[in-house]
2 protein chains.
Amino acid sequence: MQKLIGNAIVGQSGGPTAAINATLAGVIRGAQESNVIPKIYGARNGIEGVLARRLIDLSALTAENLSLLETTPAAALGSCRKKLPADFEGENRKIFEDIIEIFKEYDIRYFFYIGGNDSMDTVLKLSRFTKEIGYEMRVMGVPKTIDNDLAGTDHTPGYGSAAKYIATTMQEILRDTAVYTVKAVTIVEIMGRDAGWLTASAALPSLYSDVAPDLVYLPEVPFNYDEFFEDLTKAFEKHPNVVVAVSEGIRLADGTYVGEGTQSGVTDAFGHKYLSGTGKALEIAIKEKFGCKVRSVELNLPQRCASHIASKTDLYESAAIGRHAVRYATFGESGKMMIFTRLEGDRYKVYVDSADIAGIANAVRKVPREYINERGNNVTAQCLSYIAPLIVGEPEIIFENGLPKHFHF
Amino acid sequence: MQKLIGNAIVGQSGGPTAAINATLAGVIRGAQESNVIPKIYGARNGIEGVLARRLIDLSALTAENLSLLETTPAAALGSCRKKLPADFEGENRKIFEDIIEIFKEYDIRYFFYIGGNDSMDTVLKLSRFTKEIGYEMRVMGVPKTIDNDLAGTDHTPGYGSAAKYIATTMQEILRDTAVYTVKAVTIVEIMGRDAGWLTASAALPSLYSDVAPDLVYLPEVPFNYDEFFEDLTKAFEKHPNVVVAVSEGIRLADGTYVGEGTQSGVTDAFGHKYLSGTGKALEIAIKEKFGCKVRSVELNLPQRCASHIASKTDLYESAAIGRHAVRYATFGESGKMMIFTRLEGDRYKVYVDSADIAGIANAVRKVPREYINERGNNVTAQCLSYIAPLIVGEPEIIFENGLPKHFHF
C-alpha cells in the first residue's frame, strides 16, 4: 500500500438524522489521529460547498466540541440534494473538472461523503473520474439514513436513534390513549415511503411492556381497506382504545398511495387533489365506517432530529464508522461505502467493513416478507429481534437551563 | 381543628399530562405518611370509577413503585370526562347520594381529585353536597393541565414538562430545517385552543441558543393573513429557512378559527367542511402566496405525554402539590384547590398553598397582552422569563433495553 499524504474534505448530504453529526465527529477524529492528513476541511452544504469553495478548517476542533457535536441533531455542516451529472462528457465534464481544480488548490487527497443513496452515487462518480484522469485520491462514502433502506449493510447509522424515538413515543401514546373508556382509534403515521423499517420499530414496546400497537402496516404489503376494517373490529373486542401504526407509504393493490386522498376524494378550493396524508385518509375512512372518535398523529420531523432521545448504540456506531472510513482510506481503499456486518450469535455484535458502492447505490433494501406476519398487519418476533439491540443505551446529553446544548459552527 | 379519621380516595380526570402521575404519587405518599388516613383507594377512571366501585387499594404501594409512577406519562388510574349534575334536585340528587353511599361503605373521609377545570367543578359540588347533608369529609382539588390556563395559580402542574418538550423539539426542528439553502417555511402547530402558553414556550431556545422560531402566533391576538405574509417576507430577508410556531386556536378578527379551513375552502367527498388543522391551512395559504416549499408539523399528543423529556422542576412540584393536598386536608381544609404562588425576586421560588375553588373553576387564564409583542408575532422577554424556570432539570428516567420503564396497575 502506498502512503498518500494530503488534506481531506468531509461533507454531509441528504436528509438530517440524529446521528449524522456523530459520524462527522468520527471522521474528524479519524483525520486528527492520522499522520498522513495534515488538514481536514468541512464543506458547507455538501458538494455544493465544495464547488463554491465554502470550506471550513476542522483540524483543530477540540475534543469537547466533538463530543457536543455527537449529540447535536441534523447536519452541522449543512446539507444538499445535489446530484452530480450522469457522465463525464461535454458540459457535464466541466463540473467534475471544477471539483478537481478545487481539490488541487487545497491539496485534497481524501474525500469523505456522509449521506444516503444519492451521496453514494456522488462518491462512485468522483472515484471513477479521479481514476480516469489519474488524480490520485481516496473517495469514501459513509452511509446515513433513518430509513434503514440501504443495501449492503446490516443497518444504517441514524436508524437506531429514529427507531428509539418512535418506540418511546409510541409507548407514551399508548399510555395516553388508554386512559379513557370510550371507543376510539389513534392512527400513528410514521416515515417510510418504500420501506417499513421505521414503522416496524413502533412495535418494540410489545417486547418489554404491557402495551403495544394493535396493528402495524408497512408499505411492503398492499393495504386493503376491507381487511383493515375487519382488523379494527377484532381489535375492539380486546379493548376500546385501538392504536394503529402505519407507514406514510402504504399503498393499495393498484399502487395508489393511501395518502393520496383519492379514497375520500378531498379537493381544495382550487380543485387540486388534496394530499391529506396517510393518517388523515385513514382517519376519515374510520370515522365514516365506525362513527367512533378517531385521531391521527403524524410523527413527522422529530423522527429524524430528536437527538435528545438518541440511541447510544447508534451514536457510538455512527462515530465509529466515520473514524474507520478515514482509516480504510489511508490504508488505500477508495470508491467504497462503509458498512456494518452483524455477527451470528445471541449477543449483538457488529463490525465495521467496507463494500463496493457499485452494487449498493440506488438499491432499496425493504423489510423482508418473513419479518411481517401472514395477515400483513404486524411484524414478527424475528423482525423485533433484529431491531431491538439498535435502540439500546442513552447517550449523555448536556442540558443547560433545561434545554439540550447543541454544537454549531 | 378537629381530627378526622377515615379512608381516602384519589382520582384522575381530564386529559393526560406527563406530570399527573407525579401528583398521584404525591397524594399516595401524603396519605401513607398521615396518621389519620388508614387506607387510600384509587378510583379507576375518576368519578366514573367511584360510581362503579372500581377502587384499588394503594396503601401499600412501595417507594420504588411510587418513584416509577412519577416518571410514567398519562393517568395511571385512567381518566374520565364526566361532569356531575349542576344541582342537587330530583334525579340529579340521586347521583350525589350514590356517591355518598359508596363513601360510607368504604369509610371515605377524604377525596382528592387531580384534574383541570371540570374536575375542580366536581370538587366544588361534592364539597357543597357533603356540607349540605352534614357528611363530614374533606374534598380537595389538585390542578393539572399542560395548558397552564387555570386561574388562581402561578402555573399548573404538567405545563413545565409540556413546555420543555415543545422547546426541545422546536430547537431540534430549527437545526433540522436549517440544513438546506432552499427557500422554505416550516409551520409548527402547538396545542392551545384559547390560551397560548404552550406556543409561547416554543420561543425558549432564543434565550440560550443561536436558533429561534422567526414568528410566534398565539390565540390571544387576532390573526391576520396580510400581516402574516408581510412577516414572512421580512423573515426571508434574514435566512431562507423560516420557522413559525402557531397555536392550534389562532382565530381571524371575525372569530373564525384559521384551522377551520374556510380560508382554503377545502371540503371532502361528502361535502363536509374539512377540518384541515391550523398548520395545514397556513401551509396551503403560504404555498399559494410564495410558491416555496412549505411543511407543517403538528406536535400533537406527545406534548402531553412525552415523559422521557419531562421537567424535573415540574415533576418535583407536581409531587409536592399532591402531598401538600393531603396535609392541608388533614389539617381541616376542604373545597379548595391547591395552587402555586411564586415569590418575588431574581431566583425562582414557589410555595404551595390552597385557594377557594369558587372563584377559580371555569375561568380561563390567558397569556397577558404584555407578554406578547406589539405586532402580535412573538412573545416578549418578560414572558420567557416567566416560563424559563419551569423547564429546568431532568428527572432520572429508568430505561430498560433502550425504552423508558413505566409503571402500570
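Described below are features of the structure shown in this document. (Residues numbered from 1 in each chain as written. Chains lettered and ligands numbered in written order. Predicted model: local features only at pLDDT ≥ 70, side-chain atom pairs only at ≥ 80, totals over all residues. Heavy atoms only, no water.)

## A look at the overall build of chain A
The cut-off we apply is this: Here a strand is any run of E in DSSP of at least two residues, a helix any run of H or I of at least four, and the numbering for each starts at the N terminus. With C-alpha atoms as the basis for the radius of gyration, the globule rule is written as 2.2 Å multiplied by the number of residues raised to the power 0.38. When a residue's accessible area, from a 1.4 Å probe over protein chains only, is under 20% of the maximum for its type it is buried; when over 50% it is exposed; and in between it is partly exposed. In what follows, a contact means two residues having at least one pair of non-hydrogen atoms within 4.5 Å. For the accessible areas, the method is Shrake-Rupley and the probe is 1.4 Å, while residue cover comes only from the protein chains on display. Charged-residue counts in this description rest on Lys and Arg as positive and Asp and Glu as negative, His and the chain ends being excluded. Where a charge lies is defined by one atom per residue type, namely NZ (Lys), CZ (Arg), CG (Asp) and CD (Glu).
When its secondary structure is counted, chain A shows 13 helices and 13 strands. Computed over C-alpha atoms, the radius of gyration of chain A comes to 23 Å, within 12% of the 22 Å expected from 2.2 N^0.38 for 409 residues, which places it in the range of a compact globule. Judged by the C-alpha coordinates and their principal axes, chain A covers about 70 × 45 × 45 Å. Each of the 409 residues in chain A was classed as buried or not, and the buried ones make up 63%. Residue pairs at least 24 apart in sequence account for 77% of intrachain contacts in chain A once pairs closer than 6 positions are excluded. Of the roughly 15,100 Å² of accessible surface on chain A, a fraction of 47% belongs to carbon and sulfur atoms. Averaging the coordinates of the 44 positive side-chain charges in chain A and doing the same for the 51 negative ones gives two points 3 Å apart.

## Topic: the sheet that holds strand S2 (residues 40-43) of chain A
Residues and elements named next belong to chain A. Note the cut-off: One requirement defines pairing of two strands: DSSP has to find at least two bridges between them. Under this scheme, a helix contributes an axis fitted over its contacting stretch, all axes are lines through C-alpha atoms, and angles between N-to-C directions fall in the 0 to 180 degree range.
Judged by pairing direction, the sheet is mixed, and its 7 strands sit side by side in the order S3-S2-S1-S4-S5-S10-S11 without closing on themselves. Sheet topology places strand S3 (55-57) and strand S11 (350-356) at the edges, where each strand pairs with a single neighbour. In this sheet, adjacent strand axes meet at a mean angle of 30 degrees when their direction is disregarded. Lying on the sheet, helix H5 (residues 117-133) is in contact with strand S4 (108-115), strand S5 (138-143) and strand S10 (336-342); it crosses S5 at an angle near 170 degrees. Seen against the sheet, helix H12 (residues 312-330) touches S4, S5, S10 and S11 and runs at an angle of roughly 165 degrees to S5.

## Points about H5(A)
Residue and element names in this part refer to chain A. For the record, the criterion: Residue count minus one, scaled by 1.5 Å, sets the expected span of a helix.
Spanning 17 residues, H5 covers 25 Å between terminal C-alpha atoms, matching the ideal 24 Å at 1.5 Å per step. The buried fraction of H5 amounts to 12 of the 17 residues, a majority that puts the element mostly inside the structure. Those residues of H5 not exposed but buried are Asn117, Ser119, Met120, Asp121, Thr122, Val123, Leu124, Lys125, Leu126, Ser127, Phe129 and Thr130. Looking at the buried positions of H5, the neighbouring elements they touch are helix H2 (46-51), helix H4 (90-105), S4, S5 and S10.

## Brief notes about the sheet that holds strand S9 (residues 293-298) of chain B
Residue and element names in this part refer to chain B. The parallel open sheet is built from 4 strands, whose spatial order is S7-S8-S6-S9. Bordering the open sheet on either side are strand S7 (215-217) and S9, each of which pairs with just one other strand. Across the sheet, the mean angle from the axis of one strand to that of its neighbour is 15 degrees, orientation sign disregarded. The strands touched by helix H9 (residues 225-238) within the sheet are strand S6 (184-190), S7 and strand S8 (241-247), with S8 carrying the most contacts at an inclination of about 145 degrees. Relative to the sheet, helix H10 (residues 278-290) contacts S6, S8 and S9, its axis offset from that of S9 by approximately 175 degrees.

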